[in-house]
Amino acid sequence: MKIIIAEYPETADRDLSIEKSVFPKDAELALAVYTEETEDEFIETCRDADAVLVGYVGISRKIIDGLEKCKVISVQATGWNYVDSEYAREKGIAVCAIGEYCTQEVADHTIMLMLALLKGLKTYERSVQTDKEWIYNAKPGLKRIEGLKMGIAGFGKIGKAVAKRAKSFGMDILAYDPYIPDHVIRQMGAEPVTMDGLLEQSDVITNHMNLTAENQGMFDLETFKKMKKSPILLNVARGGAVNEEDLVYALDHGMVSGAGLDVLSSETPDMDTCPLVGRENVIITPHSAFYSTTTEYLLYKIPAENVLRCLEGNYKEANRVVNGVGLE
């Protein structure tokens, strides 16, 4: 049993003890480091693998074509948009993802970003720590949070958890999710709205949608123009949902008053050139919303168990096979 663990250079030295505790002692674990320049080398390393464990390395058709023995690609995340799962299905390769492991952490992180922006934390921190000033209104124009409208795009587990937390601050909740019945949204104390309704009415807009071909780049200039109240935008889902160039324009022209971003369009962004870095009204965290010691353990344990289940032929016992292979 040969299992490849695919990583970017930044994470190539991470601890593999959790995976090792799950796999049989005679299993061969090998690391494959991916860069665009070394893609052919990466494919060669993966060629005879029975399984590939992947964090955020994109698994394209070209890479899948090089997997001569692979039975399962197991994703160490809840999203799998960077794996060509349909092509993998054509090749008889199961693609697994984690069903749930970090809802509480991501919801908490979302509220943290919101509060920091609404309460002017960066401005006050700079004023006190750097400028050595003691000015209560260094950040003028702050609004009372109670009574503000939060618009949640994507009302799955995380969206619902964010709504629960926001309601405790006295916020009114609007929710857009074409896959969730209106009565379910209302049961959570939220008001179902269209996407345009959410954009027009919300003081805070937070994205929790899975990334699909339909919503890739959804938050673009045309979308920002519909935001009537110059809201704060939070993205704690997938970076590809936001057109970053358009977001910069929207921030510069007051269409959006601030942004809290846990994800960017690249998983390995150049922080020296990113136009969103260094802005007082933008908070960026390094895709860390999921992180706690509990989730770190589950993040590596569950995908490793998915590999074992699939290699044993027990696809239906895997946590989540997302492309249907082995479930027929």
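Here the structure is a predicted model, which is why all the values come from computation and not from measurement. (Residues numbered from 1 in each chain as written. Predicted model: local features only at pLDDT ≥ 70, side-chain atom pairs only at ≥ 80, totals over all residues. Heavy atoms only, no water.)

Relative to the 22 Å expected for 16 residues at 1.5 Å per residue, helix α5 (residues 103-118) spans 23 Å between its end C-alpha atoms, a close match to the ideal helical length. Across the 16 residues that make up α5, a large majority, twelve, are buried. Inspection of α5 places T103, E105, V106, A107, H109, T110, I111, L113, M114, A116, L117 and L118 among the buried residues, and these make up the whole buried set. (Helix = DSSP H or I, 4+ residues; strand = E, 2+ residues; numbered from the N terminus. Expected span 1.5 Å × (residues − 1). Buried < 20%, exposed > 50% of the residue type's maximum accessible area, 1.4 Å probe, protein only.)

The next point concerns the pairing of strand β1 (residues 2-7). Burial analysis of β1 places six of its six residues in the buried class, which makes it a mostly covered element. Residues K2, I4 and A6 point to one face of β1 and I3, I5 and E7 to the other, with burial holding for every one of them. Sheet topology places β1 next to strand β2 (residues 28-33); six bridges connect them, and they run parallel. For E7, the partnering residue across the bridge sits in β2 and is V33. With helix α1 (residues 17-22) bridging β1 and its parallel neighbour β2, the resulting β-α-β unit is right-handed. In terms of strand pairing, β1 meets strand β3 (residues 51-54) through four bridges, oriented parallel. Counted as the bridge partner of A6 is V54 from β3. (Pairing = 2+ DSSP bridges. Right-handed = clockwise from strand over helix to strand, strands pointing away.)

When charged atoms on two side chains of opposite charge get close, those side chains can pair. A full pass over the atoms with the stated rule returns 20 salt bridges. In this structure, the salt-bridge partner of D65 is K91, at a minimum N-O distance of 3.4 Å. Here the residue D65 occupies a position in helix α3 (residues 61-65), and K91 occupies one in the loop between α4 (85-90) and β5 (94-96), the gap between them amounting to 26 residues. A relative accessible area of 46% places K91 in the partly exposed class. Taking the shortest distance from any N to any O, the salt bridge between D252 and R279 comes out at 2.8 Å. (Salt bridge = Lys/Arg side-chain N within 4 Å of Asp/Glu carboxyl O.)

The UniProt entry lists residues 28-322 under the feature "domain: D-isomer specific 2-hydroxyacid dehydrogenase catalytic" (unreviewed entry), expressed in the numbering used here. From the first C-alpha to the last, residues 28-322 spans 25 Å; its make-up is 35% helix and 15% strand. (UniProt positions renumbered as here; feature names shortened; annotations may be inferred.)

Of note, D50 is situated in the loop between α2 (39-46) and β3. Classification of D50 by relative accessible area gives buried; the value is 13%. A distance of 2.7 Å separates a polar side-chain atom of D50 from the backbone nitrogen of K2. Ignoring any residue separated from it by four or fewer positions in sequence, one finds D50 in contact with M1, K2, K69, C70, K71, V72 and L311. (Polar contact = N/O pair within 3.5 Å; in protein donor to acceptor, adjacent residues only side chain to side chain. Contact = heavy atoms within 4.5 Å.)

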